[in-house]
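Given next are the chains, with one letter for each unit.
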Amino acid sequence: MNAELELAREQVAEAGRRLIGDGLVQGTAGNISIRVGDLVAISPSGVPYHLVSANDVCVVDLAGEPLPALNTPAPSSETPMHLAIYRDTGTGAVVHHHGLHSAAVSTVVTELPPLHYYALQLGGPTRVASYATFGTPELAESVCTALEGRNAALMQNHGAVAHGKTLDQAYDRARLLEWLCALHIQAHNLGTPRVLTDTELTAVTRRKAERAVR
């Protein structure tokens, strides 16, 4: 096994511990993966994150078949979703979590309104993938639809998912989505929040472009 794949397995194990530490999952919920060429390092199924070492992290090909040489637990039940995201986006890493704010908001909206311009960091207002049973092709398809033109999505009555070129980028986006959901909840507790308009969001994008060329 090459050094890049071994490093990816270490990073997946460490990110699992970060999910626990950041309060984004309970027990064995959620999953993380990194693509290395035609292989994917992904969290094992049913193993508490604090017990997962790099040697426990599964490696599958793009068809979902585990490498026979590795003696690991079964790969995450959400492997089909991860593989579908890689197929559709060409991204490098995927993080799926069950953060309380994300899970709560996913039950009451079909799209997360942009209360803050940070929503642009996720590609725009975050869509909510229609509910489907975990680990099914239907869920994978629903999530990929919600991710079109976006790098994160909520999963109805379930949680959140984000992807990025690197694991750090995917993880940061997953945490940002949880923050935006917390903002949504707190703002509604105070009253009826003002939602940023398309014109205001476009102005933010233009301003960032102007600053980038200086």
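All of the points below concern the structure found in this document. (Residues numbered from 1 in each chain as written. Predicted model: local features only at pLDDT ≥ 70, side-chain atom pairs only at ≥ 80, totals over all residues. Heavy atoms only, no water.)

Another aspect to go through is the packing of helix α1 (residues 3-21) against helix α5 (residues 167-190). Geometry of a packed helix pair, given as the angle between the helix axes and the separation of the axes. It is at 11 Å that the axes of α1 and α5 come closest, and there the two elements cross at 15°. For the element pair α1 / α5, the angle class is roughly parallel. Of the two elements, α1 crosses α5, and the hand of that crossing is right-handed. Of the residues in α5, those in contact with Gln11, Val12, Ala15, Arg18 and Leu19 of α1 are Leu167, Asp168, Tyr171 and Asp172. A per-class count over the contact of α1 with α5 returns 5 nonpolar, 1 polar and 3 charged. (Axes fitted to C-alpha atoms, helices over the stretch in contact; angles between N-to-C directions. Helix = DSSP H or I, 4+ residues; strand = E, 2+ residues; numbered from the N terminus. Parallel < 35°, antiparallel > 145°, perpendicular 65-115°, else oblique. Left-handed = near helix turned anticlockwise from the far one by under 90°. Contact = heavy atoms within 4.5 Å. Nonpolar A, V, L, I, M, F, W, Y, C, P; charged D, E, K, R; others polar.)

Counting buried residues along strand β8 (residues 159-164), 6 of its 6 residues qualify, which places the element largely inside the surrounding structure. Here β8 shows no split at all, with Gly159, Val161 and His163 on one side and Ala160, Ala162 and Gly164 on the other all buried. Pairing of strand β4 (residues 93-97) with β8 involves 5 bridges; the strand directions are antiparallel. Along β8, the bridge assignment pairs Val95 with Ala162. Bridge count for strand β7 (residues 152-155) against β8 is 4 bridges, and the pairing is antiparallel. Within the sheet, the bridge partner assigned to Ala152 lies in β8 and is Ala162. Between β7 and β8, which pair antiparallel and follow one another directly, the connecting turn spans 3 residues, one of which, Asn157, has a positive phi of 55°. (Buried < 20%, exposed > 50% of the residue type's maximum accessible area, 1.4 Å probe, protein only. Pairing = 2+ DSSP bridges.)

For the rest of this paragraph, the subject is the pattern of salt bridges. Tallying each qualifying case throughout the model produces 8 salt bridges. Measuring nitrogen to oxygen at the nearest pair gives 3.8 Å for the salt bridge that ties Glu6 to Arg9. Placement of the pair is Glu6 and Arg9 together in helix α1, with a separation of 3 residues, close to one helical turn. Judged by its relative accessible area of 30%, Glu6 falls in the partly exposed class. For the salt bridge of Arg175 with Asp22, the shortest nitrogen-to-oxygen distance reads 3.8 Å. Here Arg175 is found in helix α5, whereas its partner Asp22 is found in the loop between α1 and β1 (31-36), with 153 residues between them in sequence. Looking at Asp22, the relative accessible area reads 34%, which means it is partly exposed. (Salt bridge = Lys/Arg side-chain N within 4 Å of Asp/Glu carboxyl O.)

With respect to the secondary-structure elements, His101 resides in helix α3 (residues 100-105). When the C-alpha atoms of His101 and Pro80 are compared, they prove to be 25 Å apart, with 21 residues separating the residues in sequence. Excluding anything up to four places from it in sequence, His101 contacts Glu178, Cys181, Ala182 and Ile185. Looking at His101, its side chain comes within polar contact range of the side chain of Glu178, at 3.0 Å. (Polar contact = N/O pair within 3.5 Å; in protein donor to acceptor, adjacent residues only side chain to side chain.)

Let us look at the packing of aromatic side chains. Throughout the structure, instances matching the rule amount to 2 aromatic pairs. Ring centres of Tyr118 and Trp179 lie 5.6 Å apart, and the angle between their planes is 50°; on these two criteria the pair is classed as tilted. Placement of Tyr118 in the loop between β5 (111-112) and β6 (126-129) and of Trp179 in helix α5 is noted, with a sequence separation of 61 residues between them. A relative accessible area of 30% places Tyr118 in the partly exposed class. Within the aromatic cluster, the residues linked to one another by ring pairs are Tyr117, Tyr118 and Trp179. (Phe/Tyr/Trp six-rings, centres within 6.5 Å; stacked < 30°, edge-to-face > 60°.)

With that settled, the discussion passes to the sheet that holds strand β3 (residues 58-61). The strands making up a sheet are joined through hydrogen bonds of the backbone, oriented either antiparallel or parallel. On the basis of which strands lie adjacent, the open sheet formed by 8 strands has the order β3-β2-β1-β4-β8-β7-β6-β5 and mixed pairing. Pairing within the sheet leaves two strands with one partner each, and these edge strands are β3 and β5. Here strand β2 (residues 39-42) pairs with β3 via 4 bridges, running antiparallel. Of the residues in β3, the one forming a bridge with Val40 is Val60. In the packing of α1 onto the sheet, the strands contacted are β1, β2, β3 and β4, and the crossing angle to β1 comes to about 160°. Its contacts with the sheet put helix α2 (residues 79-89) on β1, β2, β3, β4, β7 and β8, and the angle it makes with β1 is roughly 40°.

Taken by themselves, the reported measurements are silent on function.
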